[in-house]
Amino acid sequence: QVRLVESGGGLVQAGASLRLSCAGSGRTFTNYALAWFRQAPGKERESVASISWSGEATYYAKPMKGRATISRDNAKNMLYLEMSSLKSEDTAVYFCAAAARPFTLVVRGDLDDVWGQGTQVTVSS
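Residues numbered from 1 in each chain as written. Predicted model: local features only at pLDDT ≥ 70, side-chain atom pairs only at ≥ 80, totals over all residues. Heavy atoms only, no water.

Asker: For this particular structure, what's the right way to read the side chain of T119?
Answerer: Position of T119 among the secondary structure elements: in strand β11 (residues 119–124). In this structure T119 comes out as buried when scored by relative accessible area, which is 9%. Polar side-chain contacts of T119 include one of 3.1 Å to the backbone nitrogen of G9. If near-sequence neighbours (up to four positions away) are discounted, T119 is found in contact with E6, S7, G8, G9, L20, A92, V93 and Y94. (Helix = DSSP H or I, 4+ residues; strand = E, 2+ residues; numbered from the N terminus. Buried < 20%, exposed > 50% of the residue type's maximum accessible area, 1.4 Å probe, protein only. Polar contact = N/O pair within 3.5 Å; in protein donor to acceptor, adjacent residues only side chain to side chain. Contact = heavy atoms within 4.5 Å.)

Asker: What is the right way to read the pairing of strand β1 (residues 3–7) from this model?
Answerer: Each regular strand displays side chains that alternate between the two surfaces of the sheet. Burial of β1 is one-sided: the residues L4 and E6 facing one way are buried, the residues R3, V5 and S7 facing the other way are not. Looking at chain direction, β1 and strand β3 (residues 18–25) are connected through 5 bridges and run antiparallel. Bridged to E6 within β3 is C22. (Pairing = 2+ DSSP bridges.)

Rendered as structure tokens:
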């Protein structure tokens, strides 16, 4: 089974940019949709961005539109999330996830999917 590990989080000031990475190990995640989710203290987990198994389609949550770019590098088994113009509201633990089954356009976001442990992003004003 593929294992996912996030990195790149940290403490940044409002307005800064940050690049999160998700490294896959074990089996390749080629042919699987991938996504980023986040969960802020006291709030429910929410979708941030996703990319289809083929990489042809991407999705961004409304708060992230224009401020985030999701990409994947199958040769390196990596998933990335570039964020800019960060706000205090972006403070959360960011998780990457892979779909439980191949050839889907989106990640369902349920427990059947493969999840990383998360990386903390804290934006100070």
